[in-house]
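Residue-level structural notes
Next come the chains, spelled out residue by residue.
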Amino acid sequence: MDSEDLLEKLLEAFYDEKIEPKKEAAKKILGLAARQENLELLISHEQFLSTISRTLRDEHKKSTELTLYLLCVFYIVSNYLEFHQILSEHQIGDITMKIIESQIQRFDLRYAELMEKQGQPQQLQELKKLNLMIAKQEKLFYVGFTILMNMAEDPIIENKMRKRKIITFLLRMLERNNFYLLIVTLLFLKKLSIVNECKMQMVEENCIRKLKRFFSADNNVLLQLSLGVLKNLSFDSEARLQIEQNGFIPDIVKMLKIPNYRFVSIVLLYLLTLDDKIRLTFGFTECMTLVVKLMLHFPEPVIGKELISLAVNLSTSSRNVDHITEQEFQQIVQRAITNSDTLLFRFVKGVIENSTNPEVQTCAKGFVRHFMKLLVTQGKEEDIKFEIIGIMSALDLQENWIKLLNEPFIEFLHNNLAVGMVDDDIVLETMMLVSSIASSQNSAEKLFKSRILNALSQVYCEKGDDDEFVVQYLYCLNQFLFHKIGISQILEQDEILIQIIQQLNDKNKKVKQMSEEVLDILREYDQELCEKIKEIKFGEYNQLWIEHLNEQELMLQDGADMAFEDEYGGNELDPKMWDSDND
């Protein structure tokens, strides 16, 4: 009998009222479907899909075995993308969802019955029945969820599944122990977790807490998949918080030691370090130590972006950078200089700015001339220039600056204060460097002689509407004025003085504070300026009273007779109003 005749005969069995013939026919059809050459015959047959889909819909509660055979047939068909439309037309996704929901409800009912019989003689028997049902269900769940995962390649179908509680069903599967069922569950969750709505639902339904068990289980595949799910979820801030609260961070840090898990762990840890509060938790782990070792032994000249991004985020916390030894820091700086690694320079800057270890500053100072040489030789590479200027601003060189202020370096400072010629970020960073240099009186005098204040004032005039530039200019100016340098020059610049005075009423508290500090120094040398400042401050502190006086003056100009007209109804006096009440 050829395959077509056999198929016709088998389909007739599905019209029998008894279950056994249907089970036997379904088993044989599965055998046909398992051979690829028969798939075209099965799909093209007019009655095949409609008959078995109808049987599956009507009979799935009567026989788990029959349901499993028929689902296996659709499992095979669902592996081919070109057949997904046909499966949708026969509502296979809808039927599969109903079967899964029914089986979960069946388990819940059987488990509740077992709990009721706890301590009774029938408990052992009920437990055996439950375990037998679980074994059958897990095969069915594996096949059912694989069908749904294959069909979810279509975003429209995937969205329909989400509305039908697919995520709730999948999270229930994380409680099971079947290895293959757990694999398909985690794969499906990983796929869904890139969709924002699905991600939010997973977080709300405690998916993260349920993944914790796989970090203690000795199974590489499940652990790898769990890391992938966590990585996708960790793009959400609430998910990152749950990961930290459930104690995942020490476990993920340990994964850095294992090559197979290293890359996904680095990406996951990077996402976790996006939050300031969570970043502090890393200080209680060996993460910084491991990351530094990975950077020092990185095989390529330029460190991978994922690894260095994690390192940069960690470097913003003193609790993390204090794990770095002096020798490690020296090797990192040397590597950054040798390979001109921009992001590694950024890491170096973070370490210098946040380390409480004085040896770090000492070590960094030993590389100052190397940094200056890089600024001159690679000055056209904006990214590297920005990072190195930041490093030098963070160095506490004080009186040592005078030894470094040679003509090429001063010229470099002037060139990088040219708004429009270089990037604004570099101009701002250069202003910070000038402020650092001007903390030393001798260095401030040398910079002043190079007419650096003119360049700074030009920046201030051009970027006066940007609070960052304004604050940095005022701080820079304050450094010079503190040493009594450039006072007369500033007092001669009326336009700048007026602008600084106006900033006394600025909404930005930092701008206002820095303006007051600068003017406090200047007014000691200019009585007229002192009077102007007093007038502005008087107006600020008595603003409401002045506004009231201005209103009264306005009313008088309009011809209003204040209070008198309101109370007595006009200017004409009634003689009787003065008569005594006793008269």
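Residues numbered from 1 in each chain as written. Predicted model: local features only at pLDDT ≥ 70, side-chain atom pairs only at ≥ 80, totals over all residues. Heavy atoms only, no water.

As annotated in an unreviewed UniProt entry, the protein is Kinesin-associated protein 3 from Paramecium pentaurelia.

Comments concerning the packing of helix 8 (residues 123-151) against helix 10 (residues 166-173)
Relative to each other, helix 8 and helix 10 sit at 145°, their axes nearing to 12 Å. Relative to helix 10, helix 8 is oriented so that their crossing is left-handed. Counted together, Phe-141, Phe-145 and Leu-148 of helix 8 and Ile-166, Phe-169, Leu-170 and Met-173 of helix 10 form the full contact between these two elements. Across the contact of helix 8 with helix 10, the residue classes tally to 7 nonpolar, no polar and no charged. (Axes fitted to C-alpha atoms, helices over the stretch in contact; angles between N-to-C directions. Helix = DSSP H or I, 4+ residues; strand = E, 2+ residues; numbered from the N terminus. Left-handed = near helix turned anticlockwise from the far one by under 90°. Contact = heavy atoms within 4.5 Å. Nonpolar A, V, L, I, M, F, W, Y, C, P; charged D, E, K, R; others polar.)

Observations concerning a negative patch on the surface
On the surface, Glu-381, Asp-383, Asp-423, Asp-425, Asp-465, Asp-467 and Glu-468 cluster together to form a negatively charged patch. Mapped onto the fold, Glu-381 is located in the loop between helix 26 (368-377) and helix 27 (382-394). (Patch = residues over 30% accessible without salt bridge, like charges linked within 9 Å, V, L, I, M, F, W, Y side chains within 5 Å. Areas by Shrake-Rupley, 256 points an atom, 1.4 Å probe, with all protein chains shown as cover. Salt bridge = Lys/Arg side-chain N within 4 Å of Asp/Glu carboxyl O. Lys, Arg positive; Asp, Glu negative; His and termini not counted. Charge placed at Lys NZ, Arg CZ, Asp CG, Glu CD.)

What about the environment of Glu-126?
Note that Glu-126 resides in helix 8. Glu-126 sits in the buried class, given a relative accessible area of 9%. Separated by 13 residues in sequence, Glu-126 and Glu-113 place their C-alpha atoms 8.2 Å apart. (Buried < 20%, exposed > 50% of the residue type's maximum accessible area, 1.4 Å probe, protein only.)

Concerning the packing of helix 11 (residues 179-192) against helix 15 (residues 220-233)
Orientation of helix 11 relative to helix 15, taken along the N-to-C sense of each, is 20°, at an axis distance of 9 Å. When the axes of helix 11 and helix 15 are compared, the pair comes out roughly parallel. Considering only the axes of helix 11 and helix 15, their crossing is left-handed. Residue-level inspection shows Phe-179, Leu-182, Ile-183, Leu-186, Leu-187, Leu-189 and Lys-190 of helix 11 in contact with helix 15, the latter providing Val-221, Leu-222, Leu-225, Ser-226, Gly-228, Val-229 and Asn-232. For the contact of helix 11 with helix 15, a count of residues per class yields 10 nonpolar, 3 polar and 1 charged. (Parallel < 35°, antiparallel > 145°, perpendicular 65-115°, else oblique.)

Looking at the UniProt feature "coiled-coil region" (unreviewed entry) in the protein
Per the UniProt record, the feature "coiled-coil region" (unreviewed entry) sits at residues 497-524. Annotated as residues 497-524, this span is 71% helix and 0% strand, and its ends, taken at the C-alpha atoms, are 14 Å apart. (UniProt positions renumbered as here; feature names shortened; annotations may be inferred.)

Considering the pattern of salt bridges
Applying the stated criterion across every chain yields a total of 23 salt bridges. When the shortest N-O distance is used, the salt bridge between Lys-23 and Glu-65 registers 3.1 Å. One end of the pair, Lys-23, is in helix 2 (residues 19-33); the other, Glu-65, is in helix 5 (residues 64-78), and 42 residues separate them in sequence. The class of Lys-23 is buried, set by a relative accessible area of 14%. Linked through salt bridges whose partners overlap, the residues forming this network are Asp-108, Arg-172, Glu-175 and Lys-210.

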